[in-house]
Amino acid sequence: MKIPLSYSFRSLWTRKLTTFLTIAGVALVSFVFTAVLMLANGVKNTMVATGSADNAIVLRKSAESETLSIITFDEADVIGTQPEIAIGNDGKPLMTKEVLTLINLKKHGAQPNDLSNVTVRGVTPDGILLRPQVKLTSGRMFNFGSSELIVGNEIADRFDGMGIGNTIKFAGRTWKIVGHFDAGRSGFASDIWGDANQILQAFNRQAYSSIVMRLKSPKDFAALKARFEADPRLNNLKIEPEKQFYAEQSQTLANFIRILGIVITVIFSFGAMVGAMITMYAAVANRTVEIGTLRALGFHRRSVLGAFLIESLFIALLGAGIGLLAASTLSLLTISTTDFASFSEIAFGFTMTGPIIISTFLFAAVMGFIGGFLPSFRAARLDIVNALRSA
Amino acid sequence: MAEPIVQVRNVTKIYKRDTMDIPVLQNISLDVPEGEFLALMGPSGSGKTTLLNLVAGIDRPNNGSITIAGSDISKLNESDLAKWRARHVGFVFQFYNLIPVLTAYENVELPLLLTHLSKAERKQHVEAALSVVGLADRMKHYPKQLSGGQEQRVAIARAIVTDPTIIVADEPTGDLDRKSAEDVLALMEQLNQEFKKTIVMVTHDPQAAEKAHKTRHLDKGELSQN
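Residues numbered from 1 in each chain as written. Chains lettered and ligands numbered in written order. Predicted model: local features only at pLDDT ≥ 70, side-chain atom pairs only at ≥ 80, totals over all residues. Heavy atoms only, no water.

Focus: the domain arrangement of chain A
Taken domain by domain, chain A comprises domain 1 (5-48 + 249-389) and domain 2 (62-235). In this structure, domain 1 of chain A and domain 2 of chain A have C-alpha centres spaced 45 Å apart. (Domains from an automatic or database assignment.)

Re the interface of chain A and chain B
Contacts between the two partners involve 24 residues from chain A and, on the opposite side, 26 residues from chain B. Note on chain A versus chain B: buried area summed over both sides is about 2200 Å², and carbon and sulfur give 66% of it. At the surface where chain A touches chain B, the tally comes to 3 salt bridges. In this structure, Glu78 of chain B engages Arg295 of chain A in a salt bridge whose closest nitrogen and oxygen atoms are separated by 2.6 Å. Where chain A meets chain B, there are 7 residue pairs in polar contact (both at pLDDT 80 or more). Elements with a minimum of two residues in the side of chain A that touches chain B: α1 (5-12), α9 (288-297) and α12 (384-389) of chain A. (Contact = heavy atoms within 4.5 Å. Buried area = accessible area lost by both parts, 1.4 Å probe. Salt bridge = Lys/Arg side-chain N within 4 Å of Asp/Glu carboxyl O. Polar contact = N/O pair within 3.5 Å; in protein donor to acceptor, adjacent residues only side chain to side chain. Helix = DSSP H or I, 4+ residues; strand = E, 2+ residues; numbered from the N terminus.)

Considering the nonpolar core
If you look at the biggest cluster of nonpolar residues, it comprises 59 residues, and the most contacted ones within it are Phe308 of chain A together with Val6, Val8, Leu51, Ile68, Phe91 and Leu110 of chain B. Excluding residues within four positions of it along the chain, Leu110 of chain B makes contact with Pro4, Leu294, Leu297 and Phe299 of chain A together with Ile99 and Leu102 of chain B. (Core = buried A, V, L, I, M, F, W, Y, C linked by side-chain atoms within 4.5 Å. Buried < 20%, exposed > 50% of the residue type's maximum accessible area, 1.4 Å probe, protein only.)

What about the pairing of strand β8 (residues 173-182) of chain A?
All names here are of chain A. Relative to β8, strand β5 (residues 135-139) runs antiparallel, the two sharing 4 bridges. What sits directly across from Lys135, in β8, is Asp182. Sheet analysis places strand β6 (residues 148-152) next to β8, joined by 5 bridges and oriented parallel. Along β8, the bridge assignment pairs Leu149 with Ile177. Inspection of the sheet shows strand β7 (residues 167-170) paired to β8 by 4 bridges, in the antiparallel sense. Its bridge partner being in β8, Phe170 is matched across the sheet by Arg173. (Pairing = 2+ DSSP bridges.)

Looking at the sheet that holds strand β2 (residues 20-32) of chain B
All names here are of chain B. Sheet architecture is open: 4 strands sit in the order β2-β1-β4-β5, paired in antiparallel fashion. Where the open sheet ends on each side, the last strands, each with one partner, are β2 and β5 (71-72). Packing of helix α1 (residues 48-56) onto the sheet brings it into contact with β1 (6-17), β2 and β4 (63-68), and relative to β1 it is tilted by some 120°. (Axes fitted to C-alpha atoms, helices over the stretch in contact; angles between N-to-C directions.)

A look at empty space enclosed by the protein
Summed over all chains, the structure comprises 3 cavities of 30 Å³ or more. If you add up the space inside the second largest cavity, you get close to 60 Å³. Taken together, Leu297 of chain A together with Arg85, Ala86, Val89, Gly90, Phe91, Pro111, Arg158, Ala159 and Thr162 of chain B make up the full set of residues lining the second largest cavity. Those elements giving two or more residues to the lining of the second largest cavity turn out to be α2 (78-88), β6 (89-92) and α5 (148-160) of chain B. Broken down by element, the lining of the second largest cavity gets its largest block of residues, 3 residues, from β6 of chain B. Of the residues belonging to the lining of the second largest cavity, the class tally is 6 nonpolar, 2 polar and 2 charged. (1 Å grid on protein atoms, 1.4 Å probe; cavity = no way out; pocket = protein on both sides within 12 Å on 5 of 7 lines; lining within 4 Å. Points joined across faces, edges and corners; volume = space filled by probe spheres on them. Nonpolar A, V, L, I, M, F, W, Y, C, P; charged D, E, K, R; others polar.)

Quick look at unusual backbone geometry
Residues and elements named next belong to chain B. At Asn10, a residue that is not glycine, the phi angle is positive and equals roughly 50°. Relative to the helices and strands, Asn10 resides in strand β1. The phi torsion at Glu171 lies on the positive side, around 50°, for a residue other than glycine. Of note, Glu171 is situated in the loop between β7 (166-170) and α6 (178-194).

Brief notes about α1 of chain A
Residues and elements named next belong to chain A. Within α1 the residues assigned to the buried category are Tyr7, Ser8, Ser11 and Leu12. The buried side chains of α1 occupy one side of the element, clustering within an arc of 130° when seen end-on. Residues of α1 that are buried make contact with α2 (16-50), α9 and α10 (301-328). (Arc of directions from axis to C-beta.)

Quick word on the pattern of salt bridges
Residues and elements named next belong to chain B. Within the structure shown, the criterion is met by 28 salt bridges over all chains. Residue Lys123 is joined to Glu127 by a salt bridge in which the shortest nitrogen-to-oxygen separation is 3.0 Å. With Lys123 and Glu127 both in helix α4 (residues 119-132) and 4 residues apart, the pair spans about one turn of that helix. Note on Lys123: relative accessible area 41%, which makes it partly exposed. Glu127 sits in the partly exposed class, given a relative accessible area of 27%. Among the ionic pairs, Glu189 bridges to Lys211, the shortest N-O distance being 3.8 Å.

Here's the deal with the sheet that holds strand β3 (residues 37-41) of chain B
Residue and element names in this part refer to chain B. Taking strand neighbours across the sheet as the criterion, the 6 strands line up as β6-β7-β8-β3-β9-β10 in an open arrangement whose pairing is mixed. In this open sheet, the two strands that pair with only one neighbour each are β6 and β10 (222-223). Taken together, the 2 bridges between strand β9 (residues 214-219) and β10 define a ladder with antiparallel strand orientation. Counterpart to Asp219 in the pairing with β10 is Glu222. Contacts between α2 and the sheet are confined to β6 and β7, with β6 contributing the most and set at about 75° to the helix.

Brief notes about the layout of surface pockets
The calculated volume of the largest pocket comes to roughly 730 Å³. For the largest pocket, the lining is made up of 33 residues, of which Arg389 of chain A together with Thr49, Thr50, Asn53 and Asp170 of chain B are closest to its centre. Counting residues per element, the ones that place at least two in the lining of the largest pocket are α12 of chain A together with β1, β2, α1, β6 and β7 of chain B. For the lining of the largest pocket, the element with the most residues is α1 of chain B, which contributes 6 residues. Classifying every residue of the lining of the largest pocket gives 17 nonpolar, 10 polar and 6 charged.

This is the structure in structure tokens:
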């Protein structure tokens, strides 16, 4: 039979200050750990939400992002003839030929010369139809054939001069902002959209960046991919399900955040473990006689080890719970940074998930175990006679 | 005549301090019959607590054997010895050694957690033990809410709750005022006479020793023959 849990729990509260400080240390580390995972997850979710399950995207082989891709007009025409592409109400293939460029804009509060890259996406009329998550929130849709733009809400909220009716200058033209759009938690919310043909002309571009198409059925993807590989005119291009493409896009940034964050957290965790160790060594030193008494009464060494480890684990898990609660409030925040794949600004939130909660508790349990093991082992190894003599 | 319940045979105990050997007990032999109330007396450093620790199974002799109720405990391994103590020994310490974060009830229940008794059976035993020591109304009190004499009576309840083969008491009145000491000694006398418990008690106190049936003196690691 084990030493009762009440012994371990109540013993903790006899040294309230050190117990509280140790819990606070673990909570802080757990907070950082959770926040990092939530952030990496938020990046992934944002990018994955950018893609639709029914859509496929075409880019140049070896292009790692849309901004680095080139699809010639001839190639675009060939793609438009593929039978797997769904047909729109107008009887034409449901696809959008898009061009992406980067322009420099100033964030609210930034220095005048401290500019950020923002993606301008030129779309063809089906571009809106293929992205059901994109919804106009104010103003109106831009007119095709004009120098008008609509601005994603993450850009509208964070950058100067993005109000409806404002104008911005780039590529030798003045562009008028006529609407704002919401794109849920997708990456499009960090775009500015306009007419693809106007943007091609303004930038004197002779090629699209990407082509997105709605498939008749997601099952048709394999046949379409096979044709892309067999057709010599499409040999230089690659086709991917849109969701998979955006998920891959998020990997670099999400992995960077995750790895950097975890390295920092692990370094922090040494501090928390040392804190737990000091607390538990003090507990063992203060309770030497109790340990001797328990052992004299017949409790085994492993029971003493278990009782002290439970104390340490309890401190760690309580700290993890507090850290998790604090970190969960971050889901109310949205932050932005440069996406390494597109080199443009992308906004995303902190997303909490079940696996993150489990990971945080496991991480804290490891801290508690490592921090508590040596002191607990020392408690279990105490000689009974010497322990009783220290009364 | 019945076998003595405690048989100490030619026991030697040497402590090591750095490189020095310090002999504490030399070739000690002692028999304690069942139902005996034995007092061990002697000056500080005479080895009386060491002898008590050996009989209680919390220390091991360098030489010799200790047989309690037919078991040679000097041959038991660590784990078996812990089990043996839980079953056969009740401890009473000078400073009571109650667990401060547990109530009187929980302190008395501790040794029963090492048995197979159900919760209801444990409750019955704990209440009976606390009644014997006259503290049935203090079950929910924590040690710091009790006087020294009451704490020692809770410790005695803890020592008898498993109905052990022997009770070992190390200076049970050493930290008590005269009145409390008398109460505790009366209780031990009652345990011995009414419940036929075998008690081995180490004491400095001649009044405590008077309550015992028999007193043995230890001096410089050797036991007197009276």
